[in-house]
Amino acid sequence: MIRATLLFVTLAAAPGWTQSVSPAEALASGRAALTAGDVNTAVTVFEQVVAQAPAWELGHLQLGVALRLQGNGGVEQARVHLSRAVQLAPNNARAQHELGLVCEDLGDTPAAIAAFGRALELRPDLVDARFRLATLVRASDETRAVQLYGEVLAAEPQHLGALTALAQIYEFRGELVQAESALHTIVQVQSANAYPLYELARFYERQGEGRKARDAYARAARVDPKPPRRMRALK
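First, a word on what this report is: a plain description of the structure on this page. Please read these numbers as outputs of a predicted model, since none were measured by experiment.

### Regarding the packing of helix H9 (residues 142-155) against helix H10 (residues 160-173)
As a packed pair, H9 and H10 sit with axes 10 Å apart at the nearest point and diverge in direction by 140°. Taken together, the axes of H9 and H10 are oblique relative to one another. Once H9 is placed against H10, the crossing between them reads as left-handed. In this structure, H9 contributes Glu 142, Thr 143, Val 146, Tyr 149, Gly 150, Val 152 and Leu 153 to the contact, and H10 contributes Ala 162, Leu 163, Ala 165, Leu 166, Ile 169, Tyr 170 and Arg 173.

### Remarks on the environment of Trp 56
Take Trp 56: it is sitting in the loop between helix H3 (39-52) and helix H4 (57-70). Trp 56 gets classed as partly exposed once you look at its relative accessible area, which sits at 23%. In the structure, Trp 56 is positioned 29 residues away from Ala 85 in sequence and 7.8 Å away in space, judged by C-alpha atoms. If we ignore the near neighbours within four places in the chain, the residues touching Trp 56 are Pro 23, Ala 24, Leu 27, Val 49 and Leu 88.

### Here we look at the environment of Leu 163
Tracing the backbone shows Leu 163 in helix H10. When the C-alpha positions of Leu 163 and Tyr 149 are compared, they lie 7.9 Å apart, and in sequence the two are 14 residues distant. With residues up to four places along the chain from it excluded, the contact list for Leu 163 reads Leu 153, Pro 157, Gln 158, Ala 182, Thr 185 and Ile 186.

### As for the nonpolar core
Counting residues in hydrophobic clusters, the biggest one holds 69 residues, and the most contacted among them are Phe 116, Tyr 149 and Leu 200. Setting aside its immediate chain neighbours within four residues, Tyr 149 contacts Phe 131, Ala 134, Thr 135, Arg 138, Ala 162, Ala 165, Leu 166 and Ile 169.

### Considerations on the packing of aromatic side chains
In this structure the tally under the stated criterion is three aromatic pairs. Between Phe 131 and Tyr 149 the ring centres are 5.8 Å apart and the planes differ by 55°, which places this aromatic pair in the tilted class. With Phe 131 in helix H8 (residues 127-137) and Tyr 149 in helix H9, this residue pair connects regions lying 18 residues apart in the sequence. Relative accessible area serves as the criterion here: at 1%, Tyr 149 is assigned to the buried category.

What counts, and at which threshold
- Residues numbered from 1 in each chain as written.
- Predicted model: local features only at pLDDT ≥ 70, side-chain atom pairs only at ≥ 80, totals over all residues.
- Heavy atoms only, no water.
- Axes fitted to C-alpha atoms, helices over the stretch in contact; angles between N-to-C directions.
- Helix = DSSP H or I, 4+ residues; strand = E, 2+ residues; numbered from the N terminus.
- Parallel < 35°, antiparallel > 145°, perpendicular 65-115°, else oblique.
- Left-handed = near helix turned anticlockwise from the far one by under 90°.
- Contact = heavy atoms within 4.5 Å.
- Buried < 20%, exposed > 50% of the residue type's maximum accessible area, 1.4 Å probe, protein only.
- Core = buried A, V, L, I, M, F, W, Y, C linked by side-chain atoms within 4.5 Å.
- Phe/Tyr/Trp six-rings, centres within 6.5 Å; stacked < 30°, edge-to-face > 60°.

Now the structure itself:
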């Protein structure tokens, strides 16, 4: 049924766009295509939305999202359309966030930092934007990164990416109590996964805590009696 609707929209929109299908209706069909995993159809429909309504930021936003998912060189074009969406609607937090993702994909760190920062100004509750911003600024401003990771954990106490990053930073700084605490939280969150226990064991080995390391290895073995070879080699 979805594909039939999408087909109707595609035919109705090409070329010249009949009055029977509005840009808003087509946008909804394109979103349905994305939900169904049909990215190519979504791109086609969103392109037609942009052609019919070039000053509508949502068309550019959705086309940018779809082009990024499509890959095959679409990321550069995604940036063009997301930049246009931001230009048309500078207070659209989602457009800023999606632009940040594309800039991050392209390796344009300053632009990604700016976009994620603006997204957070508009929507402080965007946890993913805050985590990504922390990761991007970590190399140049570790103190700010720690603050941002802490804010991520305040919103999502079991955020594995933030916990892992903080464990690494704390250990590097020699703040071992905080590092150990973060690693234990990861173990608790992923109780059915042996990998965090191996990470904890290696942490203890680096600190010369042989007994604790052996205990962590033993716990890992109980979770996964036949770990991958790369894990066995660590012991």
